[in-house]
Amino acid sequence: MPITYGVGVDGNDDGVIEWGDYAGGDFSRAVIGLEWQLGQAQPYDSVAAPNRATITLRNESRRFSPEDSAYPLQPGKTVQIKSHDGLTERVHFTGLISHVEPLPGDQGTRTAVIHAQSVDAQLRQHHVRLPPQINQRADQVIRAVLDRVPLRRRVLHGRWILERAGHSELGPNTRLPDVTVDRMLQNGKSVFTYVGDTWREGIPVLVAIAQITEAERGRFFISREGTAVFYNRHHLLLDSTAQATLTDDMTGLDYAYGAEVVSRVQVNLTPRSIGPAGTTLWRLESAQPLPAASVRRLTVRFRDADRQPVGALNVAYIRPHIDYQANSQPNGSGVNLTAQVTITLVEVDFSAAVLVLMNTSRRDAFLLAGFEVRGTPVLQGDPLSVEQINLLSQVFYGSNTVLLDLPALDSLEQADQIARFELARRDTPRGLVQRVMLDAKHHPQAALARTLFERITLAESQTGHSADYFIVAEAHTVEQGGERHRVTWLLESASAHNFWLLGVHLLDESTILAY
């Protein structure tokens, strides 16, 4: 039975994908071509690139021209791509519409292209900081980060949204929007003493997730179903079963010998120490005006005496007359208005705090220079580097270095284990396939079913190569109304993950300890 493909949209924002009648007709029947890709940009990356899809549609009736359609394809709507091979229905891509490009003119092909991205594309646009993350696993930090991000909710129907017609009318069935993104987060294997103290006024969300995922040596990605997934560093070590085997009948493959040899690994870490309670975390350098009967919101970034960023385990209560003073004149020579000015800590994070300043008097005031925010700082020491070198590899194969900058790490022991781990899996030259190409006509099960971080076996006679790999990215192109489906997998060597684990492997089966 031929493979069929479908495209659906959650037009009502109710979490239900509409596969049939949408935009005045059968949505899937209008599809001309599909392209989508998921996964990492490079092997060994810890965080995947945002998933992307383009959907090309016939548009003779202008159903997919948003300004001329009764059912416009609005940005933010959930779109999904699926296939059916006669027995099994599979989801291949879930994302949010970013924009639509109808081809202008009433002659020619008259098509429209829907562009969609996975939810993590929004993570590049938002900055985040967190309350103190102390002795936390990677999954706990990632969960806290995702909970802080104001992402577009997938389900809005029946949810209460202020000042939005159809959503702001209170009723018995009105509910607040649910979680921003579904997630499946494995428990991390490492515990990190401090995370977030170096984030200053906030860092991009994807950078925050990358920092902790890289320090764990885990993986973070968005699945075909749109779920945020975190795998700890043992996940691939424990996967020893290949889900597909390809032997000599691939459409193509990119093979090289000795392309990934590493002879030296350097891991950078940042030691921390706890400073004394009552330390100045921030100081106002010049007087600032507070108009009469005004409210101001102020974000302060914690610094040490050398103006370097620090974290704060806690922030002391701000006391009038002691921590700050207010006056009718900026030099303090006028009327003392401290009693009429209140300063409240409304949000205290690890690297910054938000203050609300309120002048309750009827006259303008000045918050005088010298106002201080105090607390217990987490001080950053001078950066350290841990190195592991394979001298034989360096002598015979050249000096090739991998540099890992891991600000979430403050432990020499952890840094040394990471350096040993990364060197052990890439210190010997071997043949590697980086990409393999196939089509759904000759390999329908593999092309449709196999996805990110599944294990496969490849064998190719001309190169004499036979090895196992993990799929770390997948790219699909469907053309001719579904008649042609080409697939490209980006691969990472599975033999690089053959480490010895207590309770899993036998002695002498693998000689390198995993951490």
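See the structure printed just above.
To start, this report covers the structure provided alongside it. Computed from a predicted model, the values in this text were never measured in an experiment.

Rules used in this analysis
- Residues numbered from 1 in each chain as written.
- Predicted model: local features only at pLDDT ≥ 70, side-chain atom pairs only at ≥ 80, totals over all residues.
- Heavy atoms only, no water.
- Helix = DSSP H or I, 4+ residues; strand = E, 2+ residues; numbered from the N terminus.
- Buried < 20%, exposed > 50% of the residue type's maximum accessible area, 1.4 Å probe, protein only.
- Contact = heavy atoms within 4.5 Å.
- Areas by Shrake-Rupley, 256 points an atom, 1.4 Å probe, with all protein chains shown as cover.
- Polar contact = N/O pair within 3.5 Å; in protein donor to acceptor, adjacent residues only side chain to side chain.
- Pairing = 2+ DSSP bridges.
- Phe/Tyr/Trp six-rings, centres within 6.5 Å; stacked < 30°, edge-to-face > 60°.
- Expected span 1.5 Å × (residues − 1).
- Core = buried A, V, L, I, M, F, W, Y, C linked by side-chain atoms within 4.5 Å.
- Patch = residues over 30% accessible without salt bridge, like charges linked within 9 Å, V, L, I, M, F, W, Y side chains within 5 Å.
- Salt bridge = Lys/Arg side-chain N within 4 Å of Asp/Glu carboxyl O.
- Axes fitted to C-alpha atoms, helices over the stretch in contact; angles between N-to-C directions.

**Observations regarding the overall build of the protein chain**
A tally of helices and strands in the protein chain yields five helices and 34 strands. The proportion of buried residues among the 515 residues of the protein chain is 51%. Across the protein chain, every contact between residues at least 6 apart in sequence was considered, and the portion connecting residues at least 24 apart equals 72%. Accessible surface computed for the protein chain: about 24,300 Å², of which carbon and sulfur atoms make up 49%.

**Side note on the side chain of Arg-303**
Along the chain, the position of Arg-303 falls in the loop between strand 22 (294-301) and strand 23 (311-315). Those residues in contact with Arg-303, other than ones at most four positions away along the chain, are Thr-280, Leu-281, Gln-308, Pro-309 and Val-310.

**Things to note about unusual backbone geometry**
For Arg-217, which is not glycine, the phi torsion reads 65° and is therefore positive. One non-glycine residue, His-321, adopts positive backbone phi at about 70°. Position of His-321 relative to the elements: it lies in the loop between strand 23 and strand 24 (326-327).

**A word on the environment of Asn-59**
When you line up the elements, Asn-59 lands in the loop between strand 5 (49-58) and strand 6 (78-84). Distance from Asn-59 to Ala-112, taken between C-alpha atoms, is 5.9 Å for residues 53 residues apart in sequence. In contact with Asn-59, not counting residues within four places along its chain, are Phe-64, Ser-65, Pro-102, Arg-110, Thr-111 and Ala-112. A distance of 3.2 Å separates a polar atom in the side chain of Asn-59 from the backbone nitrogen of Arg-63. At 2.8 Å, the side chain of Asn-59 forms a polar contact with the backbone nitrogen of Phe-64.

**Brief notes about the pairing of strand 18 (residues 264-269)**
Of all six residues that make up strand 18, six are buried, and the element is covered over most of its length. Going residue by residue along strand 18, you find Arg-264, Gln-266 and Asn-268 tucked away on one face and Val-265, Val-267 and Leu-269 tucked away on the opposite face as well. In the sheet, strand 18 pairs with strand 30 (residues 401-405) via five bridges, with the strands oriented parallel. Among the inter-strand pairings, Arg-264 is bridged to a residue of strand 30, identified as Thr-401. Examined bridge by bridge, strand 18 and strand 29 (residues 384-389) share six bridges and lie antiparallel to one another. Bridge pairing links Val-267 to Val-386 in strand 29.

**Some remarks on the packing of aromatic side chains**
We describe a pair of aromatic rings using the distance from one ring centre to the other and the angle between the two ring planes. Enumeration according to the criterion identifies seven aromatic pairs in this entry. Centre to centre, the rings of Phe-396 and Tyr-397 are 6.4 Å apart; their planes meet at 50°, and the pair counts as tilted. A residue is classified by how much of its surface remains accessible, and Phe-396, at 62% relative accessible area, is exposed. Owing to a relative accessible area of 44%, Tyr-397 belongs among the partly exposed residues under this scheme.

**Focus on the sheet that holds strand 21 (residues 288-290)**
On the basis of which strands lie adjacent, the open sheet formed by three strands has the order 21-27-24 and antiparallel pairing. The outermost strands of the open sheet, each flanked by one partner alone, are strand 21 and strand 24. Relative to strand 27 (residues 365-367), strand 24 runs antiparallel, the two being bridged by two bridges. By the bridge assignment for strand 27, Ala-326 is matched with Leu-367.

**Some points on helix 2 (residues 205-216)**
Across its twelve residues, helix 2 extends 17 Å between first and last C-alpha, which sits within 8% of the 16 Å expected from 1.5 Å per residue. The buried fraction of helix 2 is high, at ten of twelve residues. Listed in full, the buried residues belonging to helix 2 are Val-205, Leu-206, Ala-208, Ile-209, Ala-210, Gln-211, Ile-212, Thr-213, Ala-215 and Glu-216. Within two residues after helix 2, Arg-217 carries a phi angle of roughly 65°, on the positive side.

**Side note on the nonpolar core**
Formed by 55 residues in total, the largest nonpolar core has its most connected members in Leu-34, Ile-55, Trp-489 and Leu-491. Per-element accounting of this core gives the leading share, seven residues, to strand 33 (residues 465-479). Setting aside chain neighbours within four positions, we find Ile-55 in contact with Val-7, Val-31, Gly-33, Leu-34, Val-79, Ile-81, Ala-112, Val-113 and Ile-114. Formed by 43 residues, the second largest nonpolar core is a distinct cluster that contains Leu-123, Ala-210, Ala-228 and Ala-419.

**Let's talk about a nonpolar patch on the surface**
Side chains of Leu-392, Val-395, Phe-396 and Tyr-397 sit close together on the surface and give an oily, nonpolar patch of about 500 Å² of accessible area. By secondary structure assignment, the location of Leu-392 is in helix 3 (residues 391-397). The exposure class of Leu-392 is exposed, given its relative accessible area of 60%.

**Looking at the side chain of Arg-450**
As for its placement among the helices and strands, Arg-450 is situated in the loop between helix 5 (444-449) and strand 32 (455-460). Here Glu-454 takes part through its side chain, which lies 2.5 Å from a polar atom of the side chain of Arg-450. Discounting chain neighbours no more than four positions away, the residues touching Arg-450 are Arg-224, Gln-243, Ala-244, Gln-445, Ile-471, Glu-474 and Trp-489.

**Describing the sheet that holds strand 14 (residues 219-222)**
On the basis of which strands lie adjacent, the open sheet formed by three strands has the order 11-15-14 and mixed pairing. Whereas interior strands pair on both sides, the edge strands pair on one side only; in this sheet they are strand 11 (183-185) and strand 14. The average angle at which neighbouring strand axes cross in this sheet is 10°, direction not considered. Alignment of strand 14 against strand 15 (residues 228-231), held across four bridges, turns out to be antiparallel. Pairing of Phe-220 across the sheet is with Phe-230, part of strand 15. Along the sheet, helix 1 (residues 138-148) makes contact with strand 11, strand 14 and strand 15, crossing strand 11 at roughly 160°.

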